[in-house]
Amino acid sequence: MSAWKAIVPIVLAASFYALAQVNYPQVNEITCRIYPQVNETRPDLPSPFKSGDDQEFVVAVTREGKYAVVPVTPSNDRKICKQLIVDFEDFPSLAATGLHSETELNRIETITGRSLDEITALGRPDALSYNGFMAEDETILSVIKADNIIVRRLGLTHPQMAKPLFHLLNLMETDLELNRWNLARHSWENIQYFIYNGRKVFVEAQDTKGGQQSIFDDGIKGGFYINVRSDLSTDETAYLNQRYGHLPPEEFAEMIQVLSSFNTGEIQPQYIMRYGFYEGHTFWRVDPISLAFIFGMKDLVEIEDVFTGELDTILTNHFTE
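Small disclaimer: the values here were computed from a predicted structure and weren't measured.

Caption draft 1: Region of interest: the overall build of the protein. For the protein, the helix and strand inventory stands at twelve helices and eleven strands. For the protein, the C-alpha radius of gyration of 19 Å lies close to 20 Å, the compact-globule estimate for 321 residues. On the principal axes, the C-alpha backbone points of the protein span a range of 55 × 55 × 40 Å. Looking at the 321 residues of the protein, the share that counts as buried comes to 56%. Taking as baseline every contact in the protein between residues at least 6 positions apart, the subset at least 24 positions apart corresponds to 68%. Summing over all exposed atoms, the protein offers an accessible surface of approximately 14300 Å²; the carbon and sulfur share of this is 49%.

As structure tokens, this is what we get:
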């Protein structure tokens, strides 16, 4: 790693963090108990929110039905992963604006010093990972380009998309440090769900005995399996039935599943933040539309207004060249 590349994350952390900011409600005085203490009733607080000193919090519900107000501010000092790093050397527009420049993407030949062909080969199924980081007919560039268009159409940025996932990881890390994981079952069982922009976000998380290497030359490793979901309301299901009820039942069910759930680990949020890469259409894809819906960044009507009548294909079609 060059000296320049090593210093870039430190220099950019503050400015790139600003790109990830969302207009979360601010609470200047927190009068309830802060985790690991819990509250018997739900505090009158939004979730997520920022305190007066710019610390970020979410409200979660424990398995005992208590309410936990948990600090989850992203940081490069977190043990679970570094959270404020962008690949400025390869993607200066991403670092400056939170989105890729199409012009830059069209002329890029390497990422973290590895050729696009090598990264694609490492990312295919049965290469560096059994499931793969992209489908057999996708490339690293075809996936980055397509998802950049989707995020731009949603009116969001890649650091904004990564933020809720880092909040989730930091919620997990808090319980790991408090020894509130079931170590015998290698699973996180202390939290039923947490609240995010009015939605209940359910999480099933496990730590694994092995580790996953990164397709980029970035030192990132993975060791967690996390399933994230937010159930559709009756009104949301009816809305989708009204617009997509013509689909065969299996295609409609697939659209619902992809929209309302995804699998992730600690690698994927870092990929989104650093490279604007959500992985291709494999088991580990964190679809930006699903991410925006599950974490309440966009509601179903807003999403459908952007992708009118094509939500099923946008969510499931592979991103080929």
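Caption draft 2: Layout of the pairing of strand S4 (residues 67-71). A large share of S4 lies buried, amounting to four of its five residues. Of the strand pairs in this sheet, strand S3 (residues 56-62) and S4 are connected by five bridges, and their pairing is antiparallel. Following the sheet pairing, Phe57 is matched in S4 by Pro71. Between S3 and S4, which pair antiparallel in sequence order, lie four residues; one of them, Gly65, sits at a positive phi of approximately 85 degrees.

Caption draft 3: The arrangement of helix H7 (residues 234-244) in detail. All buried positions along H7 are accounted for by Glu236, Tyr239, Leu240 and Tyr244. Buried residues of H7, seen end-on, are gathered within an arc of 105 degrees and therefore sit on one face of the element. In H7, those exposed residues whose orientation departs by more than 90 degrees from the buried face are Thr234, Asp235 and Gln242.

Caption draft 4: How the structure looks around helix H4 (residues 116-123). For H4, the complete set of buried residues consists of Leu116, Ile119, Thr120 and Gly123. An end-on view of H4 places all buried positions within 100 degrees of arc, on one side of the element. Next to the buried residues of H4 lie strand S5 (110-111), strand S6 (114-115) and helix H5 (140-154).

Caption draft 5: Quick peek at the environment of Thr97. As for its position among the elements, Thr97 is in helix H2 (residues 92-97). C-alpha of Thr97 to C-alpha of Thr157: the two residues are 60 residues apart in sequence and 7.9 Å apart in space. At a separation of 3.0 Å, a polar atom in the side chain of Thr97 contacts the main-chain carbonyl oxygen of Leu99.

Caption draft 6: Structural view of the packing of aromatic side chains. Following the criterion strictly, the structure yields 16 aromatic pairs and no others. Between Phe49 and Phe57, the ring centres sit 5.0 Å apart and the planes meet at 5 degrees, which makes this aromatic pair stacked. Residue class for Phe49 comes out buried when judged on its relative accessible area of 0%. Given the relative accessible area of 8%, Phe57 is considered buried. An angle of 85 degrees between the planes, with centres 6.0 Å apart, marks the rings of Phe216 and Phe277 as edge-to-face. Residue Phe216 is located in the loop between strand S9 (199-213) and strand S10 (221-229), and its partner Phe277 is located in the loop between helix H9 (267-275) and helix H10 (288-294); the two are separated by 61 residues in the primary sequence.

Caption draft 7: Examining the pattern of salt bridges more closely. Applying the stated criterion to the full structure yields twelve salt bridges. The closest approach of N and O atoms between Arg63 and Glu64, which form a salt bridge, is 3.3 Å. Looking at Arg63, the relative accessible area reads 53%, which means it is exposed. The shortest N-O distance in the salt bridge between Arg229 and Asp231 comes to 3.0 Å. Taking relative accessible area as the criterion, Asp231 reaches 45% and is therefore assigned partly exposed. Members of the salt-bridge network, linked through shared partners, are Asp147, Arg285 and Asp287.

Cut-offs and rules
Residues numbered from 1 in each chain as written. Predicted model: local features only at pLDDT ≥ 70, side-chain atom pairs only at ≥ 80, totals over all residues. Heavy atoms only, no water. Helix = DSSP H or I, 4+ residues; strand = E, 2+ residues; numbered from the N terminus. Rg over C-alpha atoms; globule rule 2.2 N^0.38 Å. Buried < 20%, exposed > 50% of the residue type's maximum accessible area, 1.4 Å probe, protein only. Contact = heavy atoms within 4.5 Å. Areas by Shrake-Rupley, 256 points an atom, 1.4 Å probe, with all protein chains shown as cover. Pairing = 2+ DSSP bridges. Arc of directions from axis to C-beta. Polar contact = N/O pair within 3.5 Å; in protein donor to acceptor, adjacent residues only side chain to side chain. Phe/Tyr/Trp six-rings, centres within 6.5 Å; stacked < 30°, edge-to-face > 60°. Salt bridge = Lys/Arg side-chain N within 4 Å of Asp/Glu carboxyl O.

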